[in-house]
Amino acid sequence: MTMMSRRSFLKGAAAAAALVSVGGVTHAVKQGAFSTGTGPAYEPWHTWENVEEGDLPLLRIVRASVLAANAHNTQPWLYRIGDRSIDLFADVSRNIGTIDPWLREMYISLGCAVENAALAARAYGYQPSIKLYSGGLERIHVAGISLEEGLEEPSELYRAIGNRHTNRAAYDSEKPVEDSVMRELEKLTDSQDDARIVWFADDAGRREMGKLIVGATEAVASDRKQSADSHRWFRNDWGEIQRHKDGPTMDATGNSSFTRFIGKLFPVSEQTSNDYWVKATKNTYVATASAFGTIAVKDQTDRVQLMQAGRLWQRMHLWTAANGLAAQPLNQPHERRDRELQLGIEPVFGRELARLVNKPGFEGVFTFRLGYPISRGLPSPRRSAEEVLLGASNPTPSPSP
């Protein structure tokens, strides 16, 4: 599990002393130190199945869709609801800059949203017909979902939507993931899609992929622009969380409740955050992973295939939530590969990633760790379905970032 350093302990002691001083408790309350997972920013996790008077008939599907996994919790989606259709648009203003220069992670995130919508549609008595659209920034209408009347079919994956959270805490290193689990996850691939899974579950595979993940994390942290683009999404102030309803937060770091409490009282610098991230990646994320997996597609410049990868990841993550496992994306090798291409520099990470995936005709686009949790993952803030709907007066979202 993540250990607290002597400096953190002393800081904690100082915080405890501050709480007994005048204004200390007030500051803690304002920072949300006592309010994990509460407030309007977390309401979508509790109300996603609700039906309110005056709701648009298909709004419940969007409420499920916005709870999808997505990179850096940027929630890069906008929706338009018709009588029997839902259209999904990319909100490219929410891209992560040099962390995701080719929008690979954005399109994977949008695929996750499509999958949640499809699962909810079936649960609510519709048969969805899904069209994923190719194209680049000039065509940001990425998916259309047509709906016909059908039987209500709430699946295991649908029921897990409200319980699926990324778990960044330590996993049980004494409990390996069984081969049968990986076979069940492989069954979630769609034979008509181009996405496949490559596993790194034996000692050698875990060691090599773990080394690549740690090295890529160090490289991202050392890249001033990538580091800044990543850090700017972090929300520490309680008011900021409730206002923006997005981004990574202290509660979602996987730390103990005491460490999170201290972190909320004493916001850290970008450098301190990077130092912690590198150490956590090495000593927690990689060290306690029972297995790593990489989702691969035939062409990672193909937007449709990236969204197919996202749909697969969403199914897999929901399955782990329903079956007592934990999972966490670890996409640093892909982020460095993309950055190398952007800068036109030697493809150190791109070359090593291709060597490890070693699946002829396929390219790795998304890597994750898998294991059994020893503590529960906590929710991230979310914008409500109503906040991401496009009205008739705004027929096309702006493509400018």
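Look a little higher up for the structure.
A brief structural summary. (Residues numbered from 1 in each chain as written. Predicted model: local features only at pLDDT ≥ 70, side-chain atom pairs only at ≥ 80, totals over all residues. Heavy atoms only, no water.)

1. Comments concerning the overall build of the chain
A tally of helices and strands in the chain yields 15 helices and 8 strands. The burial tally for the chain puts 55% of its 401 residues in the buried class. Contacts spanning at least 24 positions in sequence make up 78% of the contacts within the chain whose residues lie at least 6 apart. Split by element, the accessible area of the chain, about 17,700 Å² in all, is 51% carbon and sulfur. (Helix = DSSP H or I, 4+ residues; strand = E, 2+ residues; numbered from the N terminus. Buried < 20%, exposed > 50% of the residue type's maximum accessible area, 1.4 Å probe, protein only. Contact = heavy atoms within 4.5 Å. Areas by Shrake-Rupley, 256 points an atom, 1.4 Å probe, with all protein chains shown as cover.)

2. What to know about the packing of helix α8 (residues 203-222) against helix α15 (residues 348-357)
When two helices pack together, their arrangement is given by the angle between the helix axes and by the axis-to-axis distance. Taken N-terminus to C-terminus, the directions of α8 and α15 make an angle of 160°; their axes are 11 Å apart at the nearest point. One finds that α8 runs roughly antiparallel with respect to α15. Here α8 and α15 pass one another in a crossing that is left-handed. Listed contacts from α15 to Glu208, Met209, Leu212, Gly215, Ala216 and Ala219 of α8 are Phe349, Glu352, Leu353, Arg355 and Leu356. Here the contact of α8 with α15 is built from residues that sort into 7 nonpolar, 1 polar and 3 charged. (Axes fitted to C-alpha atoms, helices over the stretch in contact; angles between N-to-C directions. Parallel < 35°, antiparallel > 145°, perpendicular 65-115°, else oblique. Left-handed = near helix turned anticlockwise from the far one by under 90°. Nonpolar A, V, L, I, M, F, W, Y, C, P; charged D, E, K, R; others polar.)

3. A closer look at the sheet that holds strand β1 (residues 77-81)
Read from one edge to the other, the open sheet built from 4 strands follows the order β1-β2-β4-β3, with strand pairing classed as antiparallel. With one partner strand each, in any of the chains shown, β1 and β3 (126-132) form the two edges of the open sheet. The average undirected angle you get between the axes of adjacent strands in this sheet is 20°. Sheet topology note: the strand β2 (residues 85-90)/strand β4 (residues 141-149) ladder contains 5 bridges and is antiparallel. Directly across from Ile86, in β4, lies its bridge partner Ile145. Sheet strands in contact with helix α13 (residues 303-322) are β3 and β4, and its direction is about 140° off that of β3. (Pairing = 2+ DSSP bridges.)

4. Considering α15
Regarding α15, the residues found buried are Phe349, Gly350, Leu353, Leu356 and Val357. Each buried residue of α15 lies within a common arc of 130° when the element is viewed along its axis, so the set occupies one face. A positive phi of about 45° marks Asn358, the residue just after α15. (Arc of directions from axis to C-beta.)

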